[in-house]
Amino acid sequence: MFDLHPKEHRNELFGRDSELEYLLEQLLAGNWVVVGGQREIGKTSLVKVAIRELKEKHGFKGAYVNLRGVRSLNALLTSLIPEMNSSRVKLDLSFNVNFIMGSAGIQVKRDAKAVSSLNELLNSVHEDFVIALDEVQELSQASKQFLDILGNVFSSNSRVRFLFTGSYIGVTRILIDPPSTSPLHGRPPVILNLRPFNDNTSRVFLRKGMREIGVDFNGEEEVVRRLDGVVGWLTLFGNFYAVRKKGLEEALNFAESEGKKIMIGEFEHFLENKNNKIVYTTLMDVIKVATKWRDIKRGIEIGIGGIDDKQLSSALDSLVSNNFIEKVGRGEYRIIDPLLRKIDYSKILKSRL
Ligand SMILES: Nc1ncnc2c1ncn2[C@@H]1O[C@H](COP(=O)(O)OP(=O)(O)OP(=O)(O)O)[C@@H](O)[C@H]1O
Ligand SMILES: [Mg+2]
């Protein structure tokens with residue numbers, strides 16, 4: 001339970017039975033799926049377990065490609081081919097133009113173009129095949145051509161299913177709501193947004209993990225109060241406390257500070273292409289203490305002067321769709337992850353100027 005790597009087996013995946021069933025059901029029915037959710041909520045683990053289940057129980061072939069650092073379609077092709085070769089995906093390349101076939105599988109011809117090769121490769125797949133693209137927002141620079149390829153594959157080869165993960169930045173949003181000119185328009189993938197565990201599930205997770213390594217523990221209340229139900233933070237805590245044998249307070253502080261670093265990085269990344277950064281940083285600082293629209297607006301006015309309703313509402317929407325805050329009722333917003341409350345957002349802005 002407290003192993004820090006993404007989980008890969010169904011019996012290691014805690015508390016996600018219904019999400020896993022739903023995901024498998026959708027993929028088996030031929031739908032494509034986007035698994036969304038905040039950092040460290042368990043997206044990669046769910047996807048890896050789903051691929052394994054499809055392979056072992058449903059006769060699928062599967063490929064998992066982590067797109068972190070993969071910025072071009074050429075790089076995507078280069079990461080995909082060895083995955084397909086090692087899982088021996090059946091291909092029908094009788095009209096092949098872009099590939100050389102050898103004993104170890106296929107290879108791209110030297111002068112082949114990425115777009116044409118990807119189209120040819122995916123359309124030649126001749127058995128049920130699921131491709132997971134993790135961190136799909138990384139491909140945003142290639143988004144138009146990428147969407148064209150996806151649209152083409154979707155309409156010509158129903159044996160290929162894509163499974164995407166990512167926060168809602170960049171391409172993920174384009175996937176969910178493709179522009180009307182995109183071939184994916186009208187064929188939206190299913191969205192599965194992972195949420196934190198509730199308090200009880202979090203406590204059971206901690207207890208189960210402790211029991212697994214034979215550690216006596218009764219600090220669940222305190223841990224859940226401080227870290228809430230984000231499985232990655234709970235795992236980090238469990239690993240520090242039970243595996244590395246640190247004290248309760250030290251392990252909690254560690255989980256908090258590591259988590260905070262990740263979330264600061266995430267927020268900075270979110271701010272990168274925003275030109276009204278101060279609106280977002282002030283909003284996050286305000287929502288730590290105010291949840292109602294009226295109070296939030298007042299907080300912003302005190303912090304940076306006036307803001308019109310339209311601008312405020314679009315900034316709030318953007319924070320919601322990037323999983324930094326949650327809409328809890330009409331005109332009411334909340335920061336979900338307790339670690340996000342511990343960040344001083346005005347400092348982030350200062351350190352960037
Ligand atoms: N359902 C689960 N049961 C047990 N442990 C889990 C579960 N989901 C995730 N974990 C653990 O939580 C941590 C984060 O998981 P994972 O990498 O799958 O999340 P993620 O959402 O992909 O994170 P990131 O945003 O960093 O890519 C890992 O240590 C993993 O082992
Ligand atoms: Mg991940």
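Rules and cut-offs
- Residues numbered from 1 in each chain as written.
- Chains lettered and ligands numbered in written order.
- Predicted model: local features only at pLDDT ≥ 70, side-chain atom pairs only at ≥ 80, totals over all residues.
- Heavy atoms only, no water.
- Buried < 20%, exposed > 50% of the residue type's maximum accessible area, 1.4 Å probe, protein only.
- Helix = DSSP H or I, 4+ residues; strand = E, 2+ residues; numbered from the N terminus.
- Pairing = 2+ DSSP bridges.
- Right-handed = clockwise from strand over helix to strand, strands pointing away.
- Domains from an automatic or database assignment.
- Contact = heavy atoms within 4.5 Å.
- Buried area = accessible area lost by both parts, 1.4 Å probe.
- Salt bridge = Lys/Arg side-chain N within 4 Å of Asp/Glu carboxyl O.
- Polar contact = N/O pair within 3.5 Å; in protein donor to acceptor, adjacent residues only side chain to side chain.
- Nonpolar A, V, L, I, M, F, W, Y, C, P; charged D, E, K, R; others polar.

Novice: What's the story with the pairing of strand β5 (residues 129-134) in this structure? I'm lost.
Specialist: The two faces of the sheet receive side chains in turn, since in a regular strand these alternate between them. Burial of β5 is extensive: six of the six residues sit out of reach of the surface. Of the two faces of β5, the one holding Phe129, Ile131 and Leu133 and the one holding Val130, Ala132 and Asp134 are both buried throughout. Taken together, the six bridges between strand β2 (residues 61-66) and β5 define a ladder with parallel strand orientation. Residue pairing across strands places Tyr64 opposite Ala132, the latter belonging to β5. Looking at chain direction, β5 and strand β6 (residues 160-165) are connected through five bridges and run parallel. Note on β6: the bridge partner recorded for Val130 is Arg161. This β-α-β element, β5 to helix α5 (residues 143-156) to β6, shows right-handed connectivity.

Novice: Is there a simple way to think about the domain arrangement of the chain in this case?
Specialist: Note: interface size is frequently given as the accessible area lost on complex formation between the parts. Domain annotation for the chain reports domain 1 (10-193), domain 2 (199-267) and domain 3 (275-352). Taken together, the contacts link 13 residues of domain 2 with 14 residues of domain 3. With both sides pooled, the region where domain 2 packs onto domain 3 buries about 1,100 Å², and carbon together with sulfur makes up 80% of that total. It is Lys260, Met263 and Phe267 that lose the most area in domain 2 upon contact with domain 3, and together they represent 54% of the buried surface on that side. Taken together, the links from domain 2 to domain 3 amount to zero salt bridges. At the boundary of domain 2 and domain 3, one finds two residue pairs in polar contact (both at pLDDT 80 or more). Residue assignment for the side of domain 2 that touches domain 3 shows that the elements contributing at least two residues are α8 (220-227) and α10 (248-271). For the side of domain 2 that touches domain 3, the element with the most residues is α10, which contributes eight residues. By residue class, the composition of the side of domain 2 that touches domain 3 is seven nonpolar, one polar and five charged.

Novice: Is there a simple way to think about the pattern of salt bridges in this case?
Specialist: Side-chain pairing between opposite charges can occur once the charged atoms of the two side chains come close. Tallied over the entire structure, the rule returns 24 salt bridges. The shortest N-O distance in the salt bridge between Asp128 and Arg159 comes to 3.4 Å. Of this pair, Asp128 sits in the loop between α4 (114-123) and β5 while Arg159 sits in the loop between α5 and β6, and the two are 31 residues apart along the sequence. Given the relative accessible area of 22%, Asp128 is considered partly exposed.

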